Amino acid sequence: MGSLIRDFWNLTQPCRKAFVLAAVALVAATAFQLVLPWVLRMAIDSLTARTNDYRLIIMLASGLVGAAAGEAIFTFLKGKWAAEASEGTVTHLRNRMFEQMVRMPFSAHGTVAAGDFIQRATSDIQTLGRFLSVQVTEVARTVCLLAGVSTLMFMMQPTLALAALALLPPIFLFSMVIFRKIQKRFETLDETEAALSSNVQEYLTGVRVVRAFAREPYESGRFRELNARLVREDIALSTLHAVFWPTSDVMCMLQAVIVLYLGGMKAVDGDISLGTFVAFNSYVMYLIWPVRQIGRLLGEMGRASVSMRRIREILDLPREADAEGAPEVESKRLKGGVYFKHVSFGFDGQKVLHDIHFRVRPGKTVAILGATGSGKTTLMQLLLRFHDDYSGAIYIDDRDIRQIPKDELRSQIGIVLQEAFLFSKSIYDNISFGVDQPERRLIRNAAAAAAVDRFVSEFPERYRTVVGERGVTLSGGQKQRIALARVLVKRPSILILDDTTSALDTETEAAIWSSLRKWLSDCTAFIITHRLSTAAAANKIIVLDKGRIVQQGNHEELIRQPGHYRKLHEQQWAKMAVLDREASRGHARRRVQ
Amino acid sequence: MHDEEFSKQFDTSVWRKVFRLLSPYRWHYAGIMTVIMLMAGVEVLFPLVVRYAVDEGITPGRRDVILIAVFEYLGLIIMQAFLVASFISGCARVGVRVIADLRRMTYDRLQSLSISYFDKTPVGWLMSRMFSDSQRVGDTLTWGAVDFVWGAVNMSLMAVAMLVVHWKLALAALSLLPLIVGISIFFQRRILRGYRSVRRINSEITAGFNEGYMGVRVIKSLVRETAMARDFETLTGKMFEASVRSAVLSSVYLPIIHVIGATGSALVIAFGGSGVIAGSISLGTLVAFISYTRRFFDPANEIARVFGQLQETQASAERVFMLLDAAPEVTERPNASNEGRIRGKIEFRDVWFGYDRKTPVLRQFNLTVDPGQTIALVGPTGSGKTTVMNLLLRFYDPTRGAVLIDGEDIRQWTFLRLRSQMGVVLQTPHLFSGTVRENIRYGKLDATDDAIGTAAKQVGLHEFVEALPSGYETVLREGGEPLSTGQKQLISLARAVLADPAIFIMDEATSSVDTDTELRIQKASEQLLAGRTAFIIAHRLSTIRQADRILVIEKGRIAENGTHAELMARRGMYHQLYSQQFMKS
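Residues numbered from 1 in each chain as written. Chains lettered and ligands numbered in written order. Predicted model: local features only at pLDDT ≥ 70, side-chain atom pairs only at ≥ 80, totals over all residues. Heavy atoms only, no water.

Overview of the side chain of Thr30(A)
Residue and element names in this part refer to chain A. Where we set the bar: Runs of H or I in DSSP of at least four residues are treated as helices and runs of E of at least two as strands, each being numbered from the N terminus. Between buried and exposed lies partly exposed: a residue is buried under 20% and exposed over 50% of the maximum accessible area for its type, with that area taken using a 1.4 Å probe on protein chains only. Contact between two residues is taken to exist if any of their heavy atoms lie within 4.5 Å; hydrogens are not considered.
Its location among the elements puts Thr30 in helix H2 (residues 16–48). A relative accessible area of 3% means that Thr30 is categorised as buried. Other than its neighbours up to four places away in sequence, Thr30 contacts Cys144 and Leu145.

Some words on the interface of chain A and chain B
We apply this condition: Once two parts are brought into contact, the accessible area they lose, counted with a 1.4 Å probe and summed over both, makes up the buried area. Salt-bridge detection follows one rule: a side-chain nitrogen of Lys or Arg within 4 Å of a carboxyl oxygen of Asp or Glu. Under this grouping Gly is polar, as are all residues other than the nonpolar Ala, Val, Leu, Ile, Met, Phe, Trp, Tyr, Cys and Pro and the charged Asp, Glu, Lys and Arg.
On the chain B side, the residues contacting the 150 residues of chain A number 149 residues. Buried surface at the junction of chain A and chain B, summed over both partners, amounts to about 13800 Å²; 68% is from carbon and sulfur atoms. Our enumeration of links across chain A and chain B arrives at 4 salt bridges. The residue Asp269(A) makes a salt bridge to Arg63(B) at a minimum N-O spacing of 2.3 Å. The element best represented in the side of chain A that touches chain B is helix H9 (residues 216–269) of chain A, accounting for 29 residues. Looking at the side of chain A that touches chain B residue by residue, the class counts come to 78 nonpolar, 36 polar and 36 charged.

Notes on the nonpolar core
To be explicit about the condition: In this description, a nonpolar core means a group of buried Ala, Val, Leu, Ile, Met, Phe, Trp, Tyr and Cys residues linked to one another through side-chain atoms lying within 4.5 Å.
Grouped together as the largest cluster of nonpolar side chains are 124 residues, with contacts concentrated most on Met153(A), Phe277(A), Tyr283(A), Tyr73(B) and Phe87(B). Among the elements that make up this core, the one with the highest residue count is helix H2 (residues 26–58) of chain B (15 residues). Core analysis: the second largest hydrophobic core is formed by 113 residues, Leu377(B), Val465(B), Ile553(B) and Leu567(B) among them.

Examining the pairing of strand S9 (residues 503–507) of chain B
Residues and elements named next belong to chain B. So the rule is basically this: A pair of strands is labelled paired if DSSP reports no fewer than 2 bridges between them.
Burial within S9 is extensive, with 5 of its 5 residues counted as buried. Taking every second residue as pointing to the same face, both faces of S9 are buried, with Ile503, Ile505 and Asp507 on one and Phe504 and Met506 on the other. Sheet topology places strand S6 (residues 422–425) next to S9; 4 bridges connect them, and they run parallel. Note on S9: the bridge partner recorded for Val425 is Met506. With 5 bridges joining them, S9 and strand S10 (residues 533–537) adopt parallel strand pairing. Note that in S10 the partner of Ile505 across the bridge is Phe535.

Quick word on the layout of surface pockets
Empty pockets left among the atoms are what a rolling probe the size of a water molecule brings to light. Residue and element names in this part refer to chain A. The test is simple: Lining residues are defined by having an atom within 4 Å of a point belonging to a cavity or pocket. Those points lie on a 1 Å grid over the protein atoms alone, cavities being sets where a 1.4 Å probe fits but cannot get out and pockets being open sets with protein on both sides within 12 Å along at least five of seven lines. Grid points are joined across faces, edges and corners, and a volume is the space filled by probe spheres set on the points.
The calculated volume of the second largest pocket comes to roughly 680 Å³. For the second largest pocket, the lining is made up of 26 residues, of which Phe131, Leu132, Gln135, Val136 and Thr137 are closest to its centre. Ranked by the residues each element gives to the lining of the second largest pocket, the list is headed by helix H5 (residues 114–156), at 7 residues. When the residues that make up the lining of the second largest pocket are grouped by side-chain class, the tally is 19 nonpolar, 6 polar and 1 charged.

Concerning the sheet that holds strand S8 (residues 524–528) of chain A
All names here are of chain A. Cut-off, in case you're wondering: For helices, the axis comes from a line fit to the C-alpha atoms of the stretch in contact; other axes are also lines fit to C-alpha atoms, and the angle between any two N-to-C directions lies between 0 and 180 degrees.
The 6 strands lie next to each other as S6-S7-S8-S3-S9-S10, forming an open sheet whose pairing is mixed. In the strand order of this sheet, the two ends are held by strand S6 (413–416) and strand S10 (548–553), each with one partner. For this sheet, the mean angle separating the axes of adjacent strands, direction not counted, is 15°. Across 5 bridges, the pairing between strand S3 (residues 365–370) and strand S9 (residues 540–545) is parallel.

Digging into the sheet that holds strand S2 (residues 362–369) of chain B
Residues and elements named next belong to chain B. On the basis of which strands lie adjacent, the open sheet formed by 4 strands has the order S2-S1-S4-S5 and antiparallel pairing. At either margin of the open sheet sits one strand with a lone partner, and together these are S2 and strand S5 (408–409). Looking at chain direction, strand S1 (residues 346–353) and strand S4 (residues 400–405) are connected through 5 bridges and run antiparallel. When the sheet's bridge partners are listed, Trp352 is paired in S4 with Arg400. With respect to the sheet, helix H12 (residues 385–392) is in contact with S1, S2 and S4, its orientation differing from that of S1 by roughly 115°.

Here's what the structure looks like:
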């Protein structure tokens, strides 16, 4: 609890001034609010005294309006400042969350699933925002009111004051207890609704599969079941509301009736004036509804502390940091010589790479072959310093990469991933995403090299076409081409292509490879591929199996030694040779006929 | 396609449709309305009881009258409590059911709509129709209507009560009523507009987080962290301004209403006070009137709020009905045949087709496939390969010509008959959240675990599944995370194998599988494809050499047709493609 309060306190740091101002305005507004019934009391008393003092009546009437105006001004100020304070805090928190998202090490992304993270960054922050803007202010207001009203009541008539406050504690407790329950049911309901909506979402994204397997009745059954469950849970929740509101209404009104009755009796006895009686009634009304309300808010408070914890967990994750004492070297273009020196690496207690050792001279092209899960992608992630906790060392141009600041390192390595990710911006903005001042000509050239221009011309808005959820849906191959262009624009010293052309048709692929040659001439390239023809063209081939290098060398060398590579190659060529023989026989036959 | 599109006009035909949603619950609804009117009436009686207590009890000093007044008051409270309880549970029941009905109706409509509709409509749009729009329509129809009726009845009855008790004083107090209503409408409109813009920016923020998270590898590898954070701060800055503006609007509105309420009390005291002094107005009447002026605000506010929402609700309803009225392009004929095993003879007869009218994708496409044959389709992107599959599955119908299976037009069959005998593996594998086993079982819902294991072995999936920490019980998240694309492709292949189809369709089914696995699949495929007609689309030509026939498709026509050997001998397009892939290096 203590740490929770400290968390909230730290949270408000950037907006403390606004919070203080809001608190001051709140006290002032409450004070004016309390004046109203007091004036009413004086008005009625002077009327019952039948002093016939019209001037006093007019004065009191205008006092009434004046007090209301004072209350209005301060309520407005309180609202404004409280909004600035809570919204400012939330804005600050959102920005921090975003920074954290892009700055935390890549491995941290594996520990928090996307949906979970987004949930924390959006609805949990919203819960905190509501907590600050509604719950905190309301509780503060009620405390102020309670203090002011009970003081005034005791000043007017102590016994009646006691009676007027008697039912408030049970009202408060009752609403707190019920709203804890409501909160729990609400969470179940929320889960069911989330289940229903992800059910529908999956149905919609996989509609082709559902249709292709004729599974409509099955899907419909699951939907109906969840839909009916949501109805049941919703009705169960509303039953609690149907119990709470009238019951608490009766409790609140009972409190009012107690004042009405006892006050009425005292007024008849002449213990209190009629004005005091009316004022008491007003004051009681001021209190009962807010007290019921804060019971509710405290009942719901559990949610805010859960959200706080969930946000805390993310913000406490370490950020990607550069090695201590990394020397500040002037940023110059790397030549691109790469040396992996006995590198071993694993995560989650599983070894992924074993004693990886190889050297690549600047400007050369390396092909990496290996089955799914053999460690190809991880190997390349190490080069980008997505992970630093490996044994052995990696050098680029004879500098240990852990000594090169991450930003500098990454800005010179271009990687194109297997599943290309594009931002929902225009194609042009996507291609120029990696550079600050995009040069039009460079972008054109890169787009041409990656064969982007081939399909862009089909869109009416060409390079201004927006892609993604709110725009045009591209095929896997089209996305891969844009991602390739995006990296080429950076003119990297080291280029990594991770199965980048898997979704392309043969012709486009061939076109891309031939135009890439020019771009590859001045950079070191790593090409992860399944295609032997691509591998054969490389200066060096590295064959990975279960995290170990089982073979390395160029095509000629590897084809001569027995091993994995030759086996793959023979399998493919043997089959082709048979087929080609058949083909020539068919050809010959036709000629004979 | 935007969420915030509005038609400004009040459209009675839309509202008629909206109210028709209530027809299964009309008696319930009538009951709720009766209760709500009674509630509004009881509300008006409270100040009158106070007036009675003051005038007949306190002023003359009669304790017995005060006691009676107290019991009356208590009676009203208890009556009100029962009314509130039945109103809340009644309203919730009807509201929840109407919303669930709408969700079910939209879902059923989506089930019947053709693939073309999904190709044109983003998933997010459909989700909003089904969830937020349905919710809004249902809420307005129940809670909104109830609040409105309560406000209107309550306000009128209050006016009547005041006029009956003292009409001159009533006129003075009521003179403020139009002002309150006007100001409420003025502010509620703006507050609502503020909410809308906050909501819009909020969804942009969610999208920003989402995109940042999904693209984090790209952001990091291109070193764009700072630039992205800066862009995001502009967005949160906009959010801050919009939220504060909207909060400030509310904090102007409420105080203004309070001041007007207090002015009402002041007017009553100023006018009534002299009356009390002169003896023409009783003190109780004055107290009751003060209490009434304080009670004006609630109903006025409710009416204004509902009024402001109407426009938004109408827009939601229009969008929901737009979805409900969408007509499927591909439909089952009423007398479609549902019986009969497919043997596997397929014929495309003079088929013309285009996704839009202007650009035909297939032009007079003719193709006959004998049962048991394996056909490979080859050709550049956009040549119409996938379209052939789409027509065979009846995702679309041809514009001209016909597709026949075993000599019958497939339009004369039910979807179930057609599709339940086809095994389809699509270009992008789609996995559902659930276990690996459940995902394979999707091909045949009553398959035994053994059958699932066999299917997995046939496609070379078994070994890798066994290597997963929980084997076949490994839970996949939405979209098949955390598997690689190749692994997902294998699962969807196993799914199709399990279905034991008469016709096999594979669209780039193994594009991301490594060479080793691919070779194994190829070896197994003789067994897999035995006795089935098969269509295979592949860019990797090594995959398709064993096909009985290879069709090279170009610009919607069959350019070349024959076995691998024949096509190689022809030295045409296929030969060229093949050489590009294998001969160079």
